[in-house]
Amino acid sequence: PMLEILSRVSRPWLETVEQWTGLKQDQGSQFTTQVTTDLFVTTTKADGENDSRPTEEYCYHPERMPSFILPEDGRIIFETGYSLRILRKYHPRHPLSRSHAFGSNDMSLSWQFDWTRLDSIVEKAKEYHQRLVEAVRTYSTHSQFILQEHTSNSIPAGSNSNLSDGASCWDD
């Protein structure tokens, strides 16, 4: 009974973490500037530089994490979601930007209290990881081909241009 109570009362928090980390598709309402400030992440709009579009800034509030989450784990949860949002903004076609397309909607966070269920979760995570690794590998191969084709067509012969000069910038 006590473990069931823990599972039920922590469900809303687990759902928030699922959305933030990309296990579930973000519903878009939790991590906006109009939402109450009781979440471990707050969002503010920032003016873009040089008349560019406004950007969102995400702030981590470790004091709003539940006490059963270690500080290091809380930081990892925040950084996972933050990195995912950067990737979605600048590389929307990247497989990790669309991780729900690889079966993550079949996964959810939950408390497990026996080893058999934990072993099952580990196997499920390994299968999901393998699907993502293969999708990223395919994406990377395809992206390199397009980049090479584009640069070979746009860089004049004898140019000193280097593919690493700005080819993969992520600065906001």
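All figures in this text were calculated on a predicted structure; none of them were measured in a lab.

*Asks:* How do you make sense of the overall build of the chain when you look at a structure like this?
*Replies:* Helix and strand counts for the chain stand at 3 helices and 2 strands. When the helices and strands of the chain are listed from N to C terminus, the series reads α-β-β-α-α. Going through the 172 residues of the chain one by one, you find that 26% of them count as buried. Partitioning the contacts of the chain with sequence separation of at least 6, the portion at a separation of at least 24 is 55%. Working note: accessible area of the chain is about 12200 Å², and carbon and sulfur atoms make up 55% of it.

*Asks:* Which parts of the structure should I look at to understand helix α2 (residues 71-90)?
*Replies:* In an α-helix, one turn spans 3.6 residues; hence positions three or four apart end up facing the same way. Here α2 contains 20 residues, and its C-alpha end-to-end distance of 29 Å stays within 8% of the 28 Å for a straight helix at 1.5 Å per residue. Among all positions in α2, only Gly 74, Ile 77, Phe 78, Gly 81, Leu 84, Arg 85 and Leu 87 are buried. In this fold, the buried residues of α2 make contact with α1 (2-21), β1 (41-46) and β2 (55-60).

*Asks:* Please explain the packing of α1 against α2 as it appears in this structure.
*Replies:* When two helices pack together, their arrangement is given by the angle between their axes and by how far apart the axes lie. Remark: α1 packs on α2, axes separated minimally by 8 Å, with the N-to-C direction vectors making an angle of 40 degrees. Viewed along their axes, α1 and α2 adopt a mutual orientation that is oblique. Residues Trp 13, Val 17, Gln 19, Trp 20 and Thr 21 of α1 touch α2, and the partners they reach there are Ile 77, Phe 78, Thr 80, Gly 81, Tyr 82, Leu 84 and Arg 85. In terms of residue class, the contact of α1 with α2 is built from 7 nonpolar, 4 polar and 1 charged.

*Asks:* Whenever I open this one, the environment of Ala 135 confuses me. Can you help?
*Replies:* Relative to the helices and strands, Ala 135 is located in helix α3 (residues 115-154). C-alpha of Ala 135 to C-alpha of Pro 95: the two residues are 40 residues apart in sequence and 6.1 Å apart in space.

*Asks:* Hey, could you run me through the side chain of Ser 97 in this one?
*Replies:* Residue placement: Ser 97 occurs in the loop between α2 and α3. By relative accessible area, Ser 97 is classed as buried at 7%. A distance of 3.3 Å separates a polar side-chain atom of Ser 97 from the backbone oxygen of Leu 87. Sequence-distant contacts of Ser 97, defined by excluding residues within four places in its chain, comprise Leu 84, Leu 87, Arg 88, His 91 and Pro 92.

*Asks:* Would you mind showing me how to read α1 here?
*Replies:* Between its first and last C-alpha, α1 extends 28 Å over 20 residues, near the 28 Å set by a 1.5 Å rise per residue. Bending of α1 peaks at approximately 50 degrees at the position of Arg 11, with proline Pro 12 no more than four residues after it. Among the residues of α1, those classed as buried are Ser 7, Ser 10, Trp 13, Leu 14, Thr 16, Val 17, Glu 18, Gln 19, Trp 20 and Thr 21. Of the surrounding secondary structure, the elements contacted by the buried residues of α1 are β1, β2 and α2. Of the residues flanking the end of α1, it is Gly 22, one or two places downstream, whose phi is positive at about 90 degrees.

The rules we used
- Each chain carries its own residue numbering, running from 1 in the direction its sequence is written.
- Under the rules for a predicted model, residues below a pLDDT of 70 receive no local features and side-chain atom pairs below 80 are neither given nor counted, while totals for whole chains, interfaces and linings still include all residues.
- Side-chain measures here rest on the full set of heavy atoms in the structure, leaving out hydrogens and waters.
- Think of it this way: any DSSP run of H or I at least four residues long counts as a helix, any run of E at least two long counts as a strand, and we number them from the N terminus.
- Remark: exposure states derive from per-residue accessible area (1.4 Å probe, protein chains only) relative to the maximum for the residue type, with buried under 20%, exposed over 50%, and partly exposed in between.
- Contacts: residue pairs with any heavy atoms within 4.5 Å of one another.
- Accessible surface is estimated by sampling points in the Shrake-Rupley manner with a 1.4 Å probe; for residues, cover comes only from the protein chains shown.
- Every helix has an expected span of 1.5 Å times one less than the residues it contains.
- Axes, fitted as lines to C-alpha atoms, cover a helix only where it is in contact. Angles between the N-to-C directions of the axes lie from 0 to 180 degrees.
- Orientation categories follow fixed angle ranges, with anything under 35 degrees roughly parallel, anything over 145 roughly antiparallel, 65 to 115 roughly perpendicular, and all other angles oblique.
- Residues are grouped as follows: Ala, Val, Leu, Ile, Met, Phe, Trp, Tyr, Cys and Pro are nonpolar; Asp, Glu, Lys and Arg are charged; all remaining types, including Gly, are polar.
- In protein, a polar contact requires one atom able to donate a hydrogen and another able to accept it; more generally it is a pair of N or O atoms within 3.5 Å, and residues adjacent in sequence count only if both atoms are side-chain atoms.
- Bend, in this description, refers to the angle at a residue between axes fitted to the seven residues ending there and the seven starting there.

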